[in-house]
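Coordinate analysis (summary)
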Amino acid sequence: MADEAFVTLATNDNYAKGAMVLGKSLANHNTTRKLVVLIGPQVSDPSRSVLKGIYDEVRVVDVLDSGDTAHLAMMKRPDLGITFTKLHCWTLTHYSKCVFMDADTLVLSNIDELFDREELSAAPDPGWPDCFNSGVFVFRPSMETYEKLLQYSTEHGSFDGGDQGVLNGFFSNWATADISKHLPFIYNLSSIAIYTYLPAFKQYGGNAKVVHFLGETKPWSYTFDPSSRQLRGGGGVQEAPHSSFLLEWWSLYSSTVVPMLHEHYGDQPFHSGCVEFQLSDMVTFDSAQEERLASHAAAAPPLSSEERKERWEQGQADYMGMDSFENIQRKLDAFLK
Ligand code: UDP
Ligand code: MN
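Structural notes, computed from the coordinates. (Residues numbered from 1 in each chain as written. Chains lettered and ligands numbered in written order. Predicted model: local features only at pLDDT ≥ 70, side-chain atom pairs only at ≥ 80, totals over all residues. Heavy atoms only, no water.)

**Comments concerning the sheet that holds strand 4 (residues 97-101)**
Put simply, the test is: By definition, two strands form a pair when at least two bridges between them are found by DSSP. Under the scheme used here, helices are H or I runs from DSSP no shorter than 4 residues and strands are E runs no shorter than 2 residues, and both carry numbers assigned from the N terminus. To get an axis, fit a line to the C-alpha atoms, keeping to the stretch in contact for a helix; angles then go from 0 to 180 degrees between the N-to-C directions.
Reading across from one edge, 3-2-1-4-7-6 is the order of the six strands in this open sheet, with mixed pairing throughout. Sheet topology places strand 3 (57-60) and strand 6 (121-124) at the edges, where each strand pairs with a single neighbour. On average, each strand axis in the sheet is inclined to that of its neighbour by 25 degrees, with strand direction left out of account. One ladder, built from four bridges, connects strand 1 (residues 4-10) with strand 4; its direction is parallel. Counted as the bridge partner of Val 7 is Phe 100 from strand 4.

**Things to note about the coordination of the manganese ion (ligand 2)**
A four-donor tetrahedral metal ideally has 109.5 degree angles, and a six-donor octahedral metal ideally has angles of 90 or 180 degrees. The criterion, for reference: Metal sites are built from N, O and S donor atoms within 2.8 Å, or 3.2 Å for Na, K and Ca, and they leave out water, so they may look incomplete. Site shape is set this way: if four donors have all angles between 85 and 135 degrees, tetrahedral; if opposite donors are over 155 degrees apart and all others between 65 and 115, square planar for four donors and octahedral for six; otherwise irregular. Each residue is assigned to one of three classes by its accessible area relative to the maximum for its type, calculated with a 1.4 Å probe on protein chains only: buried under 20%, partly exposed between the two thresholds, exposed over 50%.
Looking at the manganese ion (ligand 2), one finds its protein donor set to be Asp 102 (OD), Asp 104 (OD), Asp 104 (OD) and His 212 (NE2), positioned 2.2 to 2.3 Å from the metal centre. Every donor counted, the six donor atoms about the manganese ion (ligand 2) form angles of 56 to 172 degrees at the centre, which fits irregular coordination. Sequence positions of the donors to the manganese ion (ligand 2) reduce to the motif D-x1-D-x107-H. Since its relative accessible area comes to 4%, Asp 104 is described here as buried.

**Thoughts on helix 6 (residues 163-170)**
Here is the rule we go by: By definition in these notes, contact holds between two residues if any of their heavy atoms fall within 4.5 Å.
Taken across its eight residues, helix 6 has six buried, putting it largely inside the fold. Turning to helix 6, its buried residues number three or more, namely Asp 163, Gln 164, Gly 165, Val 166, Leu 167 and Asn 168. Looking at the buried side of helix 6, the elements it contacts are helix 4 (81-87), strand 7 (132-139) and helix 5 (143-156).

What follows is the structure, encoded as structure tokens:
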């Protein structure tokens, strides 16, 4: 198990915020596997320090600088920049098996059972279910596979311009060959699916283990408007039930990541996205979510403030009690001043 890992990727500070929340969510649900984040050279030093506090391994991947086949591939297909960076996960050969997760995913319960699956296991894409979605997939690091993937990308490109097109082209028999490589949709529940098939979401959404904030507007691009009590983002006002997952992302971000960011940025300015975010005004959670949140604060004797601080920093906030949104808000206000 020591040679198995969850892997994500962040090429800039925004996606790094997603990686921080993802890493925290994996740790909070007590994964026994290692946590690895691949970062691009653009990720700032303070963000790297925060990532180092969450991940076992923070590895810089610079495709342009690598001087290997990835560099050559990149010269031929400059359009596939981030795709080549993502393919780098196959070079993590000190692990025998890994689960890749997009930085815009959030883990809602322990998913270590994914390591029972083989390469290439993934969930169907909601837009075209005979393609797998490349936001969550099981793979085996191998230099041989890596070289083949690079070769495939340079020769065939990507039918959708990104890594999902390349990977579906390369693992082209996924749809038909082996049903055990089809992960249940609850391991990669894309927020889009909630809107396209709401009754199914109502029936099965409570079983979700991973939510994927697929699409243009990411959790970190929202702001909260206290006057209308709604999250606002590029796409306009967001409605429940998607917003309950967004709020779960935000509560983890504000309670565990923002304090770490403050610690490492010191007096340097950084945009937490929290300024307009009135936690005390937040939309209420649905019952399934309340249950999940309450389980964080499972019946335990009252903690000393030192113990509570420790738990809070580990992401095990007592959301329903001492670490309620109002209290978090007060803490945030104090930080921001
Ligand atoms: N990514 C990144 N920097 C970027 C774009 C993407 O690091 O500028 C990584 C990140 O891990 C992200 C993944 O590549 O989650 C796939 O991109 P994205 O999630 O934006 O695509 P979508 O899931 O919306 O199709
Ligand atoms: Mn994604």
